Amino acid sequence: MTNNNSSQPSRSERSASNEAAPADEAAATARTTPGQQGQAERPAYLTVEEACADIGVARSTWDTWKALGKTPQMSRLPNGQYRIRPAVLDQWMISLEIAPEAAL
């Protein structure tokens, strides 16, 4: 027989509260860096998916670049996931720019 007068939350209440915000998402939004004037704040670290969205490439393209050693410097977490500082991503993109006359 179960005691329904318990102060413990029910299983459905616990699962609903766990679905509210994933830990990675909450952690990413908690650590932000001030954006440049007129820009929104950016997280201190980007996931690979966020970096891909930021520069407009598919994840498969990023993975190809990574295999070729062409990605910007990244940090590898103990769980195997990678994170990229937004400033490093920006500098990497700048380093890829070519002169207008060289583009022809």
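Residues numbered from 1 in each chain as written. Predicted model: local features only at pLDDT ≥ 70, side-chain atom pairs only at ≥ 80, totals over all residues. Heavy atoms only, no water.

Participant: Any chance you could break down the packing of helix α3 (residues 48-55) against helix α4 (residues 59-67) for me, citing the residues and the numbers?
Facilitator: Two numbers describe how α3 lies on α4: the axes approach to 9 Å, and their chain directions differ by 105°. It follows that α3 is roughly perpendicular to α4 by the angle criterion. Note on element contacts: α4 touches α3 through R59, W62 and W65, opposite V48, E49, A51, C52 and I55. (Axes fitted to C-alpha atoms, helices over the stretch in contact; angles between N-to-C directions. Helix = DSSP H or I, 4+ residues; strand = E, 2+ residues; numbered from the N terminus. Parallel < 35°, antiparallel > 145°, perpendicular 65-115°, else oblique. Contact = heavy atoms within 4.5 Å.)

Participant: So what's going on with the confidence of the model for the protein? Which residues, and what values?
Facilitator: Of all residues in the protein, 60% attain a pLDDT of 70 or more, and the chain-wide mean is 76. Per-residue pLDDT stays below 50 along residues 10-30; that stretch engages in four contacts with residues further than four places along the chain or on separate chains. (pLDDT = per-residue confidence, 0-100.)

Participant: With reference to specific residues and values, describe the sheet that holds strand β4 (residues 75-76).
Facilitator: Reading across from one edge, β3-β5-β4 is the order of the three strands in this open sheet, with antiparallel pairing throughout. The outermost strands of the open sheet, each flanked by one partner alone, are β3 (46-47) and β4. Relative to strand β5 (residues 82-84), β4 is paired through two bridges, and the arrangement is antiparallel. In the sheet register, R76 faces β5, and the bridge partner there is Y82. (Pairing = 2+ DSSP bridges.)

Participant: I'd like a rundown of the packing of aromatic side chains, residues and numbers included.
Facilitator: Under the definition given, this model contains two aromatic pairs. Centre to centre, the rings of W62 and W92 are 6.2 Å apart; their planes meet at 65°, and the pair counts as edge-to-face. Placement of the pair is W62 in helix α4 and W92 in helix α5 (residues 86-95), with a sequence separation of 30 residues. Like W62, the residue W92 is buried in the burial classification. Members of the aromatic cluster, connected to one another through ring pairs, are W62, W65 and W92. (Phe/Tyr/Trp six-rings, centres within 6.5 Å; stacked < 30°, edge-to-face > 60°. Buried < 20%, exposed > 50% of the residue type's maximum accessible area, 1.4 Å probe, protein only.)

Participant: Break down the environment of D54 for me, citing the residues and quoting the values.
Facilitator: By secondary structure assignment, the location of D54 is in helix α3. The class for D54 is partly exposed, based on a relative accessible area of 43%. Between the C-alpha atom of D54 and that of D90, which follows or precedes it by 36 residues, the distance is 9.7 Å. When residues no more than four places from it in sequence are discounted, the contact partners of D54 are R42, L46 and L89.

Participant: Tell me about the pattern of salt bridges, and name the residues and values.
Facilitator: This model, assessed by the stated rule, comprises two salt bridges. Residue E49 pairs with R59 through a salt bridge whose shortest N-O separation is 2.5 Å. Placement of E49 in helix α3 and of R59 in helix α4 is noted, with a sequence separation of 10 residues between them. Classification of E49 by relative accessible area gives partly exposed; the value is 48%. Ionic pairing is found between D63 and R59, a salt bridge with its closest N-O pair at 3.0 Å. Separated by four residues within a single helix, D63 and R59 lie in helix α4, roughly one turn from each other. Note on R59: relative accessible area 37%, which makes it partly exposed. In the salt-bridge network here, residues are joined through shared partners; they are E49, R59 and D63. (Salt bridge = Lys/Arg side-chain N within 4 Å of Asp/Glu carboxyl O.)

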